[in-house]
Every structure is written in structure tokens, then in C-alpha cells.
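Here is how the chains run, residue by residue.
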Amino acid sequence: MTETDTSLGYEQARDELIEVVRKLEAGGTSLEESLALWERGEELAKVCRHWLEGARARLDSALAAREAAASEE
């Protein structure tokens, strides 16, 4: 991921990724433009995965803490 991509929030990356997919599906772009869009889409997908993995880790941590607290009672 580039420094710019790491500053994107999940929603921003998702929305841009949706736009990239829309452009690719619409067609009418040159091979070079399509490849650039594809590469950007891959980067945006990485950003989204990064955010989702972080959210999953936080959720898992919170659930583990809750279970640990419940077992101590």
C-alpha cells in the first residue's frame, strides 16, 4: 500500500473501489487505462482488507476479554 492509500478510510476506499469496478464494467477504456484501473482497484481492495482485518482483530479482542471476565465471575 502507498502512503496515500493508508490515509484512506474504509468507506473512502470502498467507494473509490466501487467506482473503479463500475468503470471497468462499462468498458470503453483502452488497455492501458483498464490496466491502471485494475491496479488501482487492487490497491483499494488491500486498503479495505486492512481495515476489515483490523476491525476483526478488535472484535476478537473484545470478545475474548468479555469471555475472560465472564469466566472469572
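Let us look at the structure shown here. Just so it is clear, the model here is predicted, and its values are computed rather than measured.

1. Digging into the overall build of the protein chain
Counting secondary structure elements, the protein chain contains three helices and zero strands. The N-to-C order of helical and strand elements in the protein chain reads α-α-α. The C-alpha radius of gyration computed for the protein chain amounts to 18 Å, which surpasses the reference 11 Å derived for 73 residues by more than 25%, pointing to a less compact arrangement than a globule. C-alpha extents for the protein chain along the principal axes are approximately 65 × 25 × 15 Å. Counting the 73 residues in the protein chain, one finds 15% classified as buried. Across the protein chain, every contact between residues at least 6 apart in sequence was considered, and the portion connecting residues at least 24 apart equals 74%. For the protein chain, the distance from the average site of its 9 positive side-chain charges to the average site of its 17 negative ones is 3 Å.

2. Describing the nonpolar core
Counting residues in each nonpolar core, the largest one holds seven residues, listed as Leu8, Ala13, Val20, Leu37, Leu44, Val47 and Cys48. Of all the elements in the fold, those that place two or more residues in this core are α2 (10-26) and α3 (31-72). Looking at this core, the element that brings in the most residues is α3, giving four residues. Excluding anything up to four places from it in sequence, Ala13 contacts Leu8, Leu44, Val47 and Cys48.

3. Describing the environment of Val20
With respect to the helices, strands and loops of the structure, Val20 is situated in helix α2. Given the relative accessible area of 7%, Val20 is considered buried. Residues Val20 and Glu67, spaced 47 residues apart in sequence, show a C-alpha to C-alpha distance of 42 Å. Filtering out sequence-adjacent residues up to four positions away, Val20 remains in contact with Leu37, Arg40, Gly41 and Leu44.

4. Examining the packing of α2 against α3
Orientation of α2 relative to α3, taken along the N-to-C sense of each, is 150°, at an axis distance of 9 Å. With respect to α3, the axis of α2 lies roughly antiparallel. In the packing of α2 onto α3, the handedness of the crossing is left-handed. Across the interface between the two elements, Tyr10, Ala13, Arg14, Glu16, Leu17, Val20, Lys23 and Leu24 of α2 pack against Ser34, Leu37, Trp38, Arg40, Gly41, Leu44, Ala45, Val47, Cys48, Trp51 and Leu52 of α3. A class-by-class count of the residues in the contact of α2 with α3 yields 13 nonpolar, two polar and four charged.

What counts as what
- Residues numbered from 1 in each chain as written.
- Predicted model: local features only at pLDDT ≥ 70, side-chain atom pairs only at ≥ 80, totals over all residues.
- Heavy atoms only, no water.
- Helix = DSSP H or I, 4+ residues; strand = E, 2+ residues; numbered from the N terminus.
- Rg over C-alpha atoms; globule rule 2.2 N^0.38 Å.
- Buried < 20%, exposed > 50% of the residue type's maximum accessible area, 1.4 Å probe, protein only.
- Contact = heavy atoms within 4.5 Å.
- Lys, Arg positive; Asp, Glu negative; His and termini not counted.
- Charge placed at Lys NZ, Arg CZ, Asp CG, Glu CD.
- Core = buried A, V, L, I, M, F, W, Y, C linked by side-chain atoms within 4.5 Å.
- Axes fitted to C-alpha atoms, helices over the stretch in contact; angles between N-to-C directions.
- Parallel < 35°, antiparallel > 145°, perpendicular 65-115°, else oblique.
- Left-handed = near helix turned anticlockwise from the far one by under 90°.
- Nonpolar A, V, L, I, M, F, W, Y, C, P; charged D, E, K, R; others polar.

Everything listed here is a matter of coordinates, which is why it stays silent on function.
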